[in-house]
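Next come the chains, spelled out residue by residue.
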Amino acid sequence: MEELRAAGAGPAGTGGYLQPVPGCGANVLAEVPGAGPLAERAIVVAAHYDHLGKAGGGQAYWGADDNAAAVAILVEVGRELVGQRAAGRRVILAAYDGEEPPHFLAGTMGSMYHVAHPTVPLANIDMMVCMDLCGHAIGPEGLPAAVRDSVFVLGAELSEGTAALVDTAAEPGGIYPRRVDLDVIPPLSDYYAFREAGVPVLFLTCGRWQHYHRITDTPDRLDYRKIAATVDYLARLVQQLRARPEAPVRLHGNARDDASTVASLLALARLLASDAATAAVKNLESLAAAAARGPLTPAQRARISMMVQALEQALA
């Protein structure tokens, strides 16, 4: 809360910066004001700040990647947006409580409570951008920057024109945003409640790795250069989302972009030197050829989900 205040973002909770969540704790909500004809519309940028507490032996779960890094990105993106003083939609900076068990997907989950008790009319929200596991380099040292500096961006297919903004916000020397359909994975974070409420969503993540939900998720294992590059990328993306002329932005809940999903996975698989990656390339090349002819079948999309799991395990 103090960092958001110091960044220049104003209070946006029900009591100052806080929105109490019964049975859990409180969400921390701040606002970068809008300006111009779109000022009453909104973009939500969010990351959860809770974690798992202590392990059985009393050792603390640090939660550096899950999800302190994303909270730091949230604060710094807010700082950049405040400094720009640009016209466009207002931005709600949301640090949610209760994303981890036992609250996940329950009424005490901070984002679920926020959607059920909105501080901004849901009909005015044109995008919810969620971050989770955004602090680590992908794969072991020695892999190309095009792998290590990748960030998966899921959900762009669910709203018209968003994919182009995701791509154009990237700049040379920064992160590599890899677009993937949101439905290739099960619900994993705070975007879920917003999508269920009909709000367009984007989910940024570097995926699960060997330190996920372990006491070894410590600050020394974060990639701070990549975190800084993610701040720059996300600030550009959010500003583009703020300024886009379409209003409202509609959720297309069943939309898919098979071609982009396969292309993102194939680009990564081709950069890996392993027998598993070679097999994945062949599989993905056949899926890419099928996607070029039209929408994939449910069985083919199931294969994509399997490829996502296989690549995540290979890179972990």
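Residues numbered from 1 in each chain as written. Predicted model: local features only at pLDDT ≥ 70, side-chain atom pairs only at ≥ 80, totals over all residues. Heavy atoms only, no water.

Some details on unusual backbone geometry
Condition: Helix and strand definitions follow DSSP, with helices as H or I runs of at least four residues and strands as E runs of at least two, each counted in order from the N terminus. Using a 1.4 Å probe on the protein chains alone, a residue whose accessible area is under 20% of its type maximum counts as buried, one over 50% counts as exposed, and one in between counts as partly exposed.
With an omega dihedral of 10°, the bond running from Pro101 to Pro102 counts as a cis peptide bond. Within the element layout of this structure, Pro102 appears in the loop between strand E5 (90-96) and helix H3 (110-116). For the bond running from Ala247 to Pro248, omega is -5°, close enough to zero to count as cis. As for its position among the elements, Pro248 is in the loop between helix H7 (224-243) and helix H8 (258-270). One non-glycine residue, Leu105, lies in positive phi territory at about 65°. Structurally, the position occupied by Leu105 is in the loop between E5 and H3. Judged by its relative accessible area of 36%, Leu105 is partly exposed. Phi at His213 takes a positive value of approximately 55°, unusual for a residue other than glycine.

Digging into the side chain of Ser264
Our working rule: Two N or O atoms form a polar contact when they lie within 3.5 Å of each other; inside protein one atom must be a possible hydrogen donor and the other a possible acceptor, and for residues adjacent in sequence the pair counts only when both atoms belong to side chains. Two residues qualify as a contact provided that any one of their heavy atoms is within 4.5 Å of a heavy atom in the partner residue.
The residue Ser264 is located in helix H8 in this model. Ser264 gets classed as buried once you look at its relative accessible area, which sits at 9%. At a separation of 2.7 Å, a polar atom in the side chain of Ser264 contacts the main-chain carbonyl oxygen of Arg179. Not counting the four nearest positions on each side in its chain, Ser264 is found in contact with Arg178, Arg179 and Val180.

With respect to the pairing of strand E3 (residues 25-32)
We apply this condition: Any two strands are treated as partners once DSSP identifies two or more bridges connecting them.
For E3, a buried count of seven out of eight residues is recorded, marking the element as mostly surrounded by other parts of the structure. Judged from the two bridges that link them, strand E1 (residues 10-11) and E3 form a sheet pairing that is antiparallel. Paired with Pro11 across the strands is Ala30, a residue of E3. Where strand E2 (residues 18-21) meets E3, four bridges bridge the pair, whose relative direction is antiparallel. Opposite Gln19, over in E3, you have Asn27 as the bridge partner. Two successive antiparallel strands, E2 and E3, enclose a turn made up of three residues, where Gly23 displays a positive phi of approximately 80°.

Topic: the pattern of salt bridges
As a reminder of what qualifies: Salt bridges, as used here, are contacts in which a Lys or Arg side-chain nitrogen is within 4 Å of a carboxyl oxygen on Asp or Glu.
The full count for this structure, using the stated rule, is 15 salt bridges. Between Arg236 and Glu171 there is a salt bridge whose closest N-O contact spans 3.5 Å. With Arg236 in helix H7 and Glu171 in the loop between helix H5 (162-168) and strand E8 (176-180), this residue pair connects regions lying 65 residues apart in the sequence. For Arg236, a relative accessible area of 25% puts it in the partly exposed group. Among the residues examined, Glu171 registers a relative accessible area of 44% and is labelled partly exposed. A salt bridge links Asp183 to Arg195, with the nearest nitrogen and oxygen atoms 2.7 Å apart. Of this pair, Asp183 sits in the loop between E8 and helix H6 (191-196) while Arg195 sits in helix H6, placing them 12 residues apart in sequence. Taking relative accessible area as the criterion, Asp183 reaches 34% and is therefore assigned partly exposed. In this structure, a network of salt bridges that share partners links the residues Arg41, Arg89 and Asp126.

Topic: H7
Counted only if it meets this: Here a helix's expected span is defined as the number of its residues, less one, multiplied by 1.5 Å.
Taking 1.5 Å of rise per residue, the 20 residues of H7 would be expected to cover 28 Å, and the 29 Å separating its terminal C-alpha atoms lies within 8% of that figure. Capping the start of H7, Asp223 holds a side-chain oxygen 3.3 Å from the backbone nitrogen of Arg225, two or three residues further along.

Quick word on the packing of H8 against helix H10 (residues 298-315)
What counts here: Helix axes are fitted only over the stretch in contact, all axes being lines through C-alpha atoms; the angle between N-to-C directions runs from 0 to 180 degrees. By definition in this entry, angles of less than 35 degrees are roughly parallel, angles greater than 145 are roughly antiparallel, angles of 65 to 115 are roughly perpendicular, and the rest are oblique. Should the near helix be turned anticlockwise from the far one by less than a right angle, the crossing is left-handed, and should it be turned clockwise, the crossing is right-handed.
Where H8 contacts H10, the two axes come as close as 11 Å, and the packing angle between them is 30°. The pairing of H8 with H10 is recorded here as roughly parallel in orientation. In the packing of H8 onto H10, the handedness of the crossing is left-handed. Two secondary-structure elements touch here, H8 through Asp258, Thr261, Val262, Leu265 and Ala269 and H10 through Arg301, Ile304, Val308 and Leu311.

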